[in-house]
Amino acid sequence: MQGINSREHRILVEAFDKFESMSLIAQDVLEESEDAVTRKGMAELDRLYERFQLLYNELEKCIKDYETKKKTVRSSINRSNRKLSSELQKKVKY
């Protein structure tokens, strides 16, 4: 699974901040539609990044929960197998 590179996103956020600062100074340079496309695109990108972070955190929690449960189940299986094996060996001896 390939994640979203946080460093690259921060670079884009910084570039957008620079865009906003310059667009305030030179308001008449860009057409309104071009400005709107840039702002809308960055807003969508931010929402997707926030969603990714939320899902990634949920995935990390799920992985941790899985690993914990896996250890518990493995221990239970091994304990039960030892007990069953011991009982089967007793029955074979008799």
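Nothing here was measured: the structure is a model prediction, and the numbers come from that model.

A. Spotlight on the side chain of Ser23. Relative to the helices and strands, Ser23 resides in helix 1 (residues 6–25). A polar side-chain atom of Ser23 sits 2.9 Å from the main-chain carbonyl oxygen of Glu20. Setting aside its immediate chain neighbours within four residues, Ser23 contacts Asp35 and Arg39.

B. Spatial organisation of the environment of Arg39. Examined against the element boundaries, Arg39 turns out to sit in helix 2 (residues 32–93). For the pair Arg39 and Phe16, spaced 23 residues apart in sequence, the C-alpha to C-alpha distance is 8.4 Å. Beyond its immediate sequence surroundings of up to four residues, Arg39 is in contact with Phe16, Phe19, Glu20 and Ser23.

C. Summary view of helix 1. Here helix 1 is 20 residues long and its end C-alpha atoms lie 29 Å apart, about the 28 Å a rise of 1.5 Å per residue gives. Taken residue by residue, helix 1 has His9, Phe16, Phe19 and Ser23 as its buried positions. Seen along its axis, helix 1 keeps its buried residues to an arc of 70°; they face one direction. Structural note: helix 1 exposes Arg7, Glu14, Lys18 and Ile25 on the side pointing more than 90 degrees away from its buried face. Against the buried residues of helix 1 lie helix 2. Where helix 1 begins, the side chain of Asn5 points an oxygen toward the backbone nitrogen of Arg7, at a separation of 2.8 Å.

What counts and what doesn't
Residues numbered from 1 in each chain as written. Predicted model: local features only at pLDDT ≥ 70, side-chain atom pairs only at ≥ 80, totals over all residues. Heavy atoms only, no water. Helix = DSSP H or I, 4+ residues; strand = E, 2+ residues; numbered from the N terminus. Polar contact = N/O pair within 3.5 Å; in protein donor to acceptor, adjacent residues only side chain to side chain. Contact = heavy atoms within 4.5 Å. Expected span 1.5 Å × (residues − 1). Buried < 20%, exposed > 50% of the residue type's maximum accessible area, 1.4 Å probe, protein only. Arc of directions from axis to C-beta.

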